[in-house]
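Commentary on secondary and tertiary structure
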Amino acid sequence: EAAVGERTRDLNNAYKALQQVDRMKREFFLMLSHEMRTPSNGILGISEFILNHCPDSPEIQDMKESYFESRKRLLRLLDDIQYLIALEEKEGLGQTQSTELSWFLETLEGHLQVKLGTPPAKAQAAVPASEAELQQLVLHLADLADAFNAPDCECKPRLQLSDRSLELCFELPSLRLNQAQCDAFFLLGSTVRASSRAERLGLAPIVAKRIVDVSGGTITLTSAADGQGLMTITLPIA
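Residues numbered from 1 in each chain as written. Predicted model: local features only at pLDDT ≥ 70, side-chain atom pairs only at ≥ 80, totals over all residues. Heavy atoms only, no water.

**Observations concerning the pairing of strand β4 (residues 165-172)**
In this sheet, β4 lies alongside strand β3 (residues 158-161) in antiparallel orientation, the contact comprising 4 bridges. By the bridge assignment for β4, L161 is matched with L166. Two successive antiparallel strands, β3 and β4, enclose a turn made up of 3 residues. Relative to strand β6 (residues 229-236), β4 runs antiparallel, the two sharing 8 bridges. Following the sheet pairing, F170 is matched in β6 by M231. (Pairing = 2+ DSSP bridges. Helix = DSSP H or I, 4+ residues; strand = E, 2+ residues; numbered from the N terminus.)

In structure tokens:
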């Protein structure tokens, strides 16, 4: 009994230490996001001022395009860091929110042109995520599908709805990843994204994955022949 009690205390102490490390990690990334934003705004503002006062030329136009693309990626990265921290906090506190399925279906139709042939099986069905989270998810999924899409090809996902789940399937004509790379794609420390056509999206795929995870769903990439692939998102319905 004494040995069991001592072991229990050791486990409790280890758990408290892990909680403290996790809290410090969240606080560090939150501080990093805030602290980077202030000097970044100064650098971006001065750069934009200089570019706007340069004589117009093809070279300056190329520089402006590169600048605005880099600016967009940097600010998006800072926003995604904060969003990931917020999701971690929500999951840690066990906070749950839900959104009417009808609202989510309208959002899918508006952003992705998804058409639902049959009405939901449940009249008052809901998805276990907030409207803001689902809005973010749809935008990131659209960007992901676009990154792996073929030129001049309109990508419309397939939608399947049952009593318990909603499934979205995106065909990706230009995925060009093997299955091992697909399995590692959504891991935070993976280098697969940086060497794929999704490199410009930064942490957006990770944000999409965390939203799906917190909602109790799944998101997977499946490699197919000739460089093609499939992205499948499944969300539970309550």
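Don't stop here, the text continues.
**Details of the side chain of R193**
Mapped onto the fold, R193 is located in the loop between α5 (179-184) and α6 (204-214). At 2.6 Å, the side chain of R193 forms a polar contact with the backbone oxygen of F185. Among all residues touching R193, those that are not within four sequence positions of it are F185, F186, L187, L188, A198, E199, G202, P205 and I206. (Polar contact = N/O pair within 3.5 Å; in protein donor to acceptor, adjacent residues only side chain to side chain. Contact = heavy atoms within 4.5 Å.)

**Brief notes about unusual backbone geometry**
Located in the positive-phi region is R176, a residue other than glycine, with phi close to 55°. Counting through the fold element by element, R176 comes out in the loop between β4 and α5. The class of R176 is exposed, set by a relative accessible area of 59%. Unusually for a residue other than glycine, D226 sits at a positive phi of about 60°. Position of D226 relative to the elements: it lies in the loop between β5 (218-223) and β6. (Buried < 20%, exposed > 50% of the residue type's maximum accessible area, 1.4 Å probe, protein only.)

**Considerations on the pattern of salt bridges**
Summed over the entire model, instances satisfying the criterion amount to 6 salt bridges. One salt bridge in this structure joins R210 and D213, with 3.4 Å as the shortest N-O distance. Of the two residues, R210 and D213 are both situated in helix α6; the distance of 3 residues between them amounts to about one turn of the helix. Each of the salt bridges in this network shares a partner with another, and the network as a whole consists of K209, R210 and D213. (Salt bridge = Lys/Arg side-chain N within 4 Å of Asp/Glu carboxyl O.)

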